[in-house]
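# Close look at the chain arrangement
These are the residues of each chain, in order.
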Amino acid sequence: MSRSDQKVLVVDDQYGIRVLLKEVFSREGFQLYQAANGKTALDIIRAEKPNLILLDMKMPGMDGLELLRNLKKEEIDAKVIMMTAYGELDMVEEASKLGALSHFTKPFDIVELKEEVLRQLTSSS
Ligand SMILES: [Mg+2]
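Below: a short report on this structure. Treat the numbers as computed from the prediction; the structure is a model and nothing was measured. (Residues numbered from 1 in each chain as written. Predicted model: local features only at pLDDT ≥ 70, side-chain atom pairs only at ≥ 80, totals over all residues.)

## Re the environment of L71
As a reminder, the rule being used: We count a stretch as a helix when DSSP gives it H or I for four or more residues in a row; a strand needs E for two or more, and each element gets its number in order from the N terminus. Using C-beta atoms placed from the backbone, we call a residue buried if 20 or more other C-beta atoms fall within 10 Å of its own, exposed if 12 or fewer do, and partly exposed for counts in between. Distance between backbone-placed C-beta atoms decides contact: two residues are in contact if it is within 7 Å.
With respect to the element layout, L71 can be found in helix α3 (residues 64–73). With 22 C-beta atoms counted inside 10 Å, the residue L71 sits in the buried group. L71 sits 29 residues away from L42 along the chain, and the two C-alpha atoms are 8.1 Å apart. L71 has contacts with I45, I76 and A78, leaving out every residue within four places of it along the chain.

## Considering the nonpolar core
Nonpolar side chains tend to gather and get buried jointly when the protein is soluble and globular. The line we're drawing: A set of buried residues drawn from Ala, Val, Leu, Ile, Met, Phe, Trp, Tyr and Cys, joined through C-beta atoms within 7 Å, is what defines a nonpolar core.
Ranked by size, the top nonpolar core spans 25 residues in total, and within it V8, L9, V11, L54 and L55 carry the most contacts. Breaking this core down by element, the ones donating at least two residues are β1 (7–11), α1 (15–27), α2 (38–48), β3 (52–56), α3 and β4 (79–84). Setting aside chain neighbours within four positions, we find L55 in contact with V11, G64, L67, V80, I81, M82 and M83.

## Description of the pairing of β4
The following threshold applies: In this scheme, strands are said to pair when DSSP sees at least two bridges between them. Seen with its strands pointing away from the viewer, a crossover is right-handed if its path from the first strand over the helix to the second goes clockwise.
Looking at chain direction, β3 and β4 are connected through 5 bridges and run parallel. By the bridge assignment for β4, L55 is matched with M82. Between the parallel pair β3 and β4, the chain is carried across by α3, and the sense of this crossover is right-handed. As defined by bridge partners, β4 adjoins strand β5 (residues 102–105) across 4 bridges and the pair is classed as parallel. Looking at the pairing, M83 lines up with F104 of β5.

## A word on the sheet that holds β3
The cut-off we apply is this: Axis definition: a line fit to C-alpha positions, over the contact stretch in the case of helices; interaxial angles, taken between N-to-C directions, run 0 to 180 degrees.
The strand order across the open sheet built from 5 strands is β2-β1-β3-β4-β5, with neighbouring strands paired in parallel fashion. Both edges of this open sheet fall to β2 (31–35) and β5, since each of them pairs with a single strand only. In this sheet, neighbouring strand axes are inclined to one another by 20 degrees on average, regardless of whether the strands run parallel or antiparallel. Contacts between α1 and the sheet are confined to β1, β2 and β3, with β2 contributing the most and set at about 170 degrees to the helix.

## Side note on the packing of α3 against helix α4 (residues 89–97)
The condition that has to hold: Roughly parallel here means an angle under 35 degrees, roughly antiparallel means over 145, roughly perpendicular means 65 to 115, and every remaining angle is called oblique. Here the term charged refers only to Asp, Glu, Lys and Arg, the term nonpolar to Ala, Val, Leu, Ile, Met, Phe, Trp, Tyr, Cys and Pro, and the term polar to all other amino acids, Gly among them.
Contact geometry of α3 with α4 gives a least axis separation of 10 Å together with a crossing angle of 10 degrees. Regarding the angle of α3 to α4, the classification is roughly parallel. Each of G64, L65 and L68 in α3 lies in contact with α4, whose residues at this interface are M91, E94 and A95. Along the lines of polarity and charge, the residues of the contact of α3 with α4 split into 4 nonpolar, 1 polar and 1 charged.

## With respect to the environment of L89
Its place among the elements puts L89 in helix α4. Sequence-wise, L89 and T105 are 16 residues apart; in three dimensions their C-alpha atoms are separated by 10.0 Å.

## Concerning α2
Test applied: When we speak of the arc, we mean the arc of directions from the helix axis to the C-beta atoms.
Residues of α2 that are buried: G38, A41 and I45. Seen along its axis, α2 keeps its buried residues to an arc of 55 degrees; they face one direction. Exposed positions of α2 whose direction lies more than 90 degrees from the buried face are D43, R46 and A47. Lining the buried residues of α2 we find β1, β2 and α3. Immediately downstream of α2, the backbone of K49 shows phi near 45 degrees, a positive value.

What is shown is where atoms sit, not what they do.
As structure tokens, then:
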């Protein structure tokens, strides 16, 4: 699958993070989608079936965990990489149980995050 066929969704209530990640991954050639909250994210996920989701855990309204529970309930398959704040280990553990593949603590190293996304998108599992 070529990069332009791959869809990446960025979900974060922080505008700056969305802009940064959109720029970085658009430049890599992926189709980029973004959502500022869980509800919008779920709508985009249902409609676009993204290959990979970069998911902020702490958001007002539907948070990352609730979004993951919804994906599981609807049997939607997407690779999920979490973005957390320092000290949210309980959330990380819970999210891993719900199928999230890895997590990055903010402020994360954008190069490391990019490598992880590329690795996940090129692995077949
Ligand atoms: Mg947040």
